[in-house]
Amino acid sequence: MQYIDFKTLLYSDTLVPDVFINEYMPALKSEYVKIYIYCLFLVGKNRSPSVQDLAHQLDIPLDTVKKGLNFMNNLNILSWAEDGIVLKDLKEIEINKFYRPKSTSTPEEAAESGKLNIRRRQVIEAINDTFFSGVMSVSWYVDIDMWFTRYGFTEDVMLLLFRHCRDSGALTKAYIAAVADNMHKKGVKNSFDFDRYIKEYEETKAVSGMIQKKLKLRRRLDVYQQEYVDKWLNTYGYTFDIIELALRKTTERPDASFNFFDSILSDWHSRQLDTVEKIQAHEAKHRAENADRYKRGAGAGAGAGAGARWAGNGSGAGQRAGVRNRGGFKQRDYDDSTLEQFVTSDFGAEMPAVPEDNTAKKAADSGTDDSNPERIQTDRGDT
């Protein structure tokens, strides 16, 4: 990169488009804003910025510079490729967003559209003055007009939507679009529907906070968890007292998730259990049935196990009392003759007798006793 003459810097300025400040800058990290402004500075001096130059001059890590350029490339603020960095004309982009070709219509349609456009234009200007201090970017006009058409909101609902998002601390397009879409799913069209929506929203927010404390979560519930809470409150009509009964199930499942709680509450709702008393009675009955079922199964198992023994010495050795008979079959009973009967039937003969040792008897009959060493020695001497 060529360094710019110091004298030229004294008489030059770098202009930053208001569109960038109002439309794009809130979504950028501070390092990315520095990168964009320095690129504007270099382009104004007919210099071609490179990634390495930006990292060196701005004292920003090279990896951060690449991430910033890639992020702004995705937002269509600039174009970053191997051949260099090209800044986009943000003013022209916004004008193209706002411009729409005219089409013909009947005089009646034109008159009705004119009245509608007048009311909408007044609301949009009120939004501009109230929430953007009169410097709302052109793209907001297009988005608000699109929300009017897509969701069918009345003018007062659109104002209430922006006030609600501002009070929630998130006056961004993404957040407002998400809230508008949720309102549409809830059937919000006029101010009466909006009041109902806000009441449900505040209740869901309060119960979500209580659930967070009960479960000792370190963060607020995310969007998907709040959808569960919204269903329990506004679809099932459950109060927090009933929801807390499901939360107590964490003593059985320490790793329980919101899907687990939802399965419990959905089961209660399908059984039309809509009070704490009904649910407690149902749970008590369920526990009693399980305990009774366990006792019957354990008793049958103990009876079957008491008859299962090897009775070899008649003392009951090897008995296994209390073993549950899962199959329900009749246990065989073995006695002393089992082994003898097995050998006789399988081998076709009785067990042979063990031969006696007659050596000592024969020696006595013949006058010699080999088992006595002294006697053997005497006989040999006589011989």
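Throughout, a residue's number is its position along its own chain's written sequence, starting from 1. Side-chain atom pairs in this predicted model are given and counted only at pLDDT of 80 or more, local residue features only at pLDDT of at least 70, and totals for whole chains, interfaces and linings cover all residues. Only hydrogens and water are removed before side-chain values are computed, so all heavy atoms of the structure are retained for them.

*Asks:* For the overall build of the chain, give the residues involved together with the corresponding values.
*Replies:* Helix and strand definitions follow DSSP, with helices as H or I runs of at least four residues and strands as E runs of at least two, each counted in order from the N terminus. Across its full length, the chain carries 18 helices and two strands. With a 1.4 Å probe rolled over the protein chains alone, any residue whose accessible area is under 20% of its type maximum counts as buried; one over 50% counts as exposed, and the rest are partly exposed. Every one of the 383 residues in the chain was classed for burial, and the buried ones make up 29%. In this description, accessible areas are obtained by the Shrake-Rupley approach with a 1.4 Å probe, and a residue is regarded as covered only by the protein chains that are shown. As presented, the chain carries roughly 26,500 Å² of accessible surface, and 52% of it is formed by carbon and sulfur atoms.

*Asks:* Please provide a residue-by-residue account of the layout of surface pockets, values included.
*Replies:* As defined here, a cavity is a set of points on a 1 Å grid over the protein atoms alone where a 1.4 Å probe fits but cannot get out. A pocket is an open set with protein on both sides within 12 Å along at least five of seven lines, and residues line them when an atom is within 4 Å of a point. Grid points are joined across faces, edges and corners, and a volume is the space filled by probe spheres set on the points. Of the volumes computed, that of the largest pocket is approximately 1,100 Å³. Contributing elements (two or more residues each) for the lining of the largest pocket: helix 9 (155–167), helix 10 (173–185), helix 11 (191–214) and helix 12 (223–235). Tallying contributions element by element places helix 11 first for the lining of the largest pocket, with eleven residues. Side-chain classes follow a simple rule in which Ala, Val, Leu, Ile, Met, Phe, Trp, Tyr, Cys and Pro form the nonpolar group, Asp, Glu, Lys and Arg form the charged group, and the remainder, Gly included, forms the polar group. Considering only residue class, the lining of the largest pocket consists of eleven nonpolar, eight polar and twelve charged.

*Asks:* Explain helix 4 (residues 51–58) to me, using residue names and the numbers behind them.
*Replies:* For helix 4, the set of buried residues is Val 51, Asp 53, Leu 54, Ala 55 and Leu 58. Contacts between residues were defined by any pair of non-hydrogen atoms, one from each residue, lying within 4.5 Å. The elements touched by buried residues of helix 4 are helix 3 (30–44), helix 5 (62–74), strand 1 (78–81) and strand 2 (84–87). Looking one or two residues beyond helix 4, the residue adopting positive phi is Asp 59, at roughly 55°.

*Asks:* Tell me about the side chain of Asp 262, and please be specific about residues and values.
*Replies:* Examined against the element boundaries, Asp 262 turns out to sit in helix 14 (residues 258–270). Here a polar contact means two N or O atoms within 3.5 Å. Within protein one must be a hydrogen donor candidate and the other an acceptor candidate, and residues neighboring in sequence count only if both atoms are side-chain atoms. Among the polar contacts made by the side chain of Asp 262, one reaches the side chain of Lys 231 at a distance of 2.9 Å. Ignoring any residue separated from it by four or fewer positions in sequence, one finds Asp 262 in contact with Tyr 228, Lys 231 and Trp 232.

*Asks:* Lay out the pattern of salt bridges in plain terms, naming residues and giving numbers.
*Replies:* We count a salt bridge whenever a side-chain nitrogen from Lys or Arg sits within 4 Å of a carboxyl oxygen from Asp or Glu. Taken as a whole, this structure holds 15 salt bridges when the rule is applied. Asp 63 is paired through a salt bridge with Lys 67; the nearest N and O atoms lie 3.4 Å apart. Here Asp 63 and its partner Lys 67 are both found in helix 5, four residues apart, which amounts to about one turn of the helix. Glu 155 is the partner of Arg 119 in a salt bridge, and the nearest nitrogen-oxygen pair spans 3.8 Å. In this pair, Arg 119 sits in helix 7 (residues 107–131) while Glu 155 sits in helix 9, placing the two residues 36 residues apart along the sequence. Looking at Arg 119, the relative accessible area reads 37%, which means it is partly exposed. Here the residues in one salt-bridge network are Lys 214, Glu 244 and Arg 248, joined through shared partners.

*Asks:* Please give an account of helix 8 (residues 138–151) that cites residues and values.
*Replies:* For a helix, the expected span equals 1.5 Å multiplied by the residue count minus one. Look at helix 8: 21 Å from first C-alpha to last across 14 residues, which is about the 20 Å you get at 1.5 Å a residue. Where helix 8 terminates, the next one or two residues include Gly 152, which has phi positive at roughly 70°.

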